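Now for the letters of each chain:
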Amino acid sequence: MLLGTCSCAPWLRTTAVQDCESATSTPRFLLSMFAWLLEEMRLWLVVIWLFVCAAALPGGEQPLSRIAIENTTLAIDDSVHIKASPLVLGLKGENSEWVEVEFFHPNPSDDDWIGVFSPANFSGAICDPENEWQQPPVLCTAPIKYQFAKFKNDGYNRSGKGNLKLQLINQREDFSFALFSGGLLKPKLIAVSNMVTFANPKAPVYPRLAQGKSWDEMTITWTSGYNIKEAVPFVEWGAKGGPRFLSPAGTLSFNRNSMCGAPARTVGWRHPGYIHTSFLKDLWPDSKYTYRLGHRLPNGTQVWSKIYSFKASPYPGQDSLQQIVIFGDMGKAEADGSNEFNDFQPGSLNTTNQIIRDLKNIDMVLHIGDICYANGYLSQWDQFTSQIEPIASTVPYMIGSGNHERDWPGTGSFYGNLDSGGECGVPAQTVFYTPAENRAKFWYATDYGMFRFCIANTEEDWRPGTEQYKFIEQCLSSVDRQKQPWLIFLAHRVLGYSSCTYYETEGTFEEPMGREALQELWQKYKVDLAFYGHVHNYERTCPVYQSQCVVDASDHYSGPFKATTHVVVGGAGASIADSAFTTSNIQWSHFRDFDFGFVKLTAFNQSSLLFEYKKSHDGNVYDHFTISRDYRDVLACSIDNCPRTTLAS
């Protein structure tokens, strides 16, 4: 601030008031002050612009970011106590257990809260300042979860006594629990509990299956606390009842310097452990396999996970029942009620649980961006992989990149905003495997039986002439529709059609520059369906081309392809509070729902496809349609996609 009698700007530091007064009387000072004001105005404009953009499509705030942990003051009070039990978790190999936290504060208030920290010695960690004007904080590690002391403790404000039941997952380190007063913005650390640990904190956990680069290859990725010098990772696997095989695994990790900015480099940093990936090859179509994750220690001892199972992919073009679930923007939530913000819990947990309940009728999951909304708080990637373990350990869990995984200024992302919290794509491309030629690019094709999926990356430039545009055309044009009659395009941001109020305000009903060139490709190569997330609701269009319904929307389509049906399915868990639809009458918008949900595709055979939209709270179908089409229909002409004949013809 430059208001007041004599207040120097940050770039003008003096040791006495008279120095400041003399400095401010010079022409050089006036020029410097003017330059500083211009820079401050520029920064405020950037902040305002980012705020407006964030407000337009909200739901991405990480609850842990509400805690100003760097402002913590130490106020340990011997009259306050906090205790957690049991002391050791996972004695029977469990990766998730509940603990009870008991606490007492003689002067309780509504602002008191409990933070769960891992590693347990969080109070000994001191961060280096980001710049010369920042004072070193007392604490520089955010908790992995938190809850207010009065949560389900109605008498806490009177008695000062309370208890919480919290769920912990194995995250390679021990845990402690801290009681804070002063609220989230000015926390005072007043008591720290005993330590709690898992019996084997380094154990292999949370396997994630993914399709390999060929149809008969399955990849298994998991997390452990063992680096390659400590133990050799591998997978033991085989057909049910058949011989067992051992497949080696590669190991990746990343460090604080791999992150692009705060909070990922500062209060949100937590070591991600070691990420291992093994490739199981030459699988027999539709065969059932079992597997377990292993690590061989130098003394010959082997550490094992529990046993999991999966079904191999069908042969390309195989005419059999194939069922795919698609959604975006799910995020993670806590079963114990911790870290709640913007109703993530009912959406995220309900979606997860509905998929688990129907898992025997699901062959693959496609999560098209905004995976867990860690936003730079690295502990949340473990929390998410734990949440989806029952799904991802059983069927391929394929992901796309969203703004909350990739975007960060000056890192090459198409959008230079702060949505990734400084992660700039590194955790997403490491924690999950995708069959991309370049995992940092995050665009790829994958086939499953009668389906071809072309997954684009909206956080990288997709316009004509770019590397990604060439990939999209190659993916669409190279499919053999006799084998893969169902051609699906997927991307995070809406490159097609959405009638949410934000896109109406933009005047485009799409991501700016979204469908300008892509709709020619969708039409030319007869893309059946295009899916998007980013907007936290559900919407289905008619078969639409150049903003016109080519045919009326229906519950059943048959005969030759006419145009692509576009679907927004971004309501899997992240807040839907401000993703409202326009009140305008949009001709191509057929069905809208402002609720949490996901889509399930069922290919019965080469010529019959069922589309279902299900709500997460009950799993019931609220929108559906079928497509009946044979191979000759796909070859038939549609609008603007027939080659011109010549005189010779």
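Attention here is on the structure that accompanies the text. All values reported here derive from a predicted model rather than from experimental measurement.

1. Side note on the overall build of the chain
Per the secondary structure count, the chain includes 12 helices and 33 strands. Within the chain, buried positions represent 56% of all 649 residues. In the chain, the proportion of contacts linking residues at least 24 apart, taken out of those at least 6 apart, comes to 72%.

2. With respect to empty space enclosed by the protein
Per the counting criterion, the structure on display carries five cavities of 30 Å³ or more. Considered as a void within the structure, the largest cavity measures approximately 130 Å³ in volume. Taken together, 15 residues form the lining of the largest cavity, with Gln62, Pro63, Lys332, Asn339 and Phe344 sitting closest to its centre. Tallied by class, the residues present in the lining of the largest cavity amount to six nonpolar, five polar and four charged.

3. Points about the pattern of salt bridges
Per the counting criterion, the structure on display carries 27 salt bridges. Across the salt bridge formed by Glu539 and Arg592, the nearest N and O atoms sit 3.7 Å from each other. In this pair, Glu539 is assigned in strand β26 (residues 538–545) and Arg592 in strand β30 (residues 589–593), connecting sequence segments 53 residues apart. Residue classification places Glu539 among the buried residues on the basis of a relative accessible area of 1%. Between Asp555 and Arg540 there is a salt bridge whose closest N-O contact spans 3.7 Å. Of this pair, Asp555 sits in the loop between β27 (548–549) and β28 (556–558) while Arg540 is found in strand β26, placing the two residues 15 residues apart along the sequence. Residue Asp555 is classed as partly exposed on the basis of its relative accessible area of 42%. On the accessibility criterion, Arg540 (0% relative accessible area) is buried.

4. What about the sheet that holds strand β31 (residues 597–605)?
Within the open sheet, the seven strands sit side by side as β21-β20-β19-β31-β32-β33-β28. Their pairing is mixed. With partners counted over all chains shown, the strands left at the sheet margins are β21 (397–400) and β28, one partner each. Put simply, the sheet's adjacent strands are angled 15° from each other on average, direction ignored. Where strand β32 (residues 608–615) lies against strand β33 (residues 621–628), seven bridges are found, and the strand directions are antiparallel. In the sheet register, Phe611 faces β33, and the bridge partner there is Phe625.

Rules used throughout
- Residues numbered from 1 in each chain as written.
- Predicted model: local features only at pLDDT ≥ 70, side-chain atom pairs only at ≥ 80, totals over all residues.
- Heavy atoms only, no water.
- Helix = DSSP H or I, 4+ residues; strand = E, 2+ residues; numbered from the N terminus.
- Buried < 20%, exposed > 50% of the residue type's maximum accessible area, 1.4 Å probe, protein only.
- Contact = heavy atoms within 4.5 Å.
- 1 Å grid on protein atoms, 1.4 Å probe; cavity = no way out; pocket = protein on both sides within 12 Å on 5 of 7 lines; lining within 4 Å.
- Points joined across faces, edges and corners; volume = space filled by probe spheres on them.
- Nonpolar A, V, L, I, M, F, W, Y, C, P; charged D, E, K, R; others polar.
- Salt bridge = Lys/Arg side-chain N within 4 Å of Asp/Glu carboxyl O.
- Pairing = 2+ DSSP bridges.
- Axes fitted to C-alpha atoms, helices over the stretch in contact; angles between N-to-C directions.

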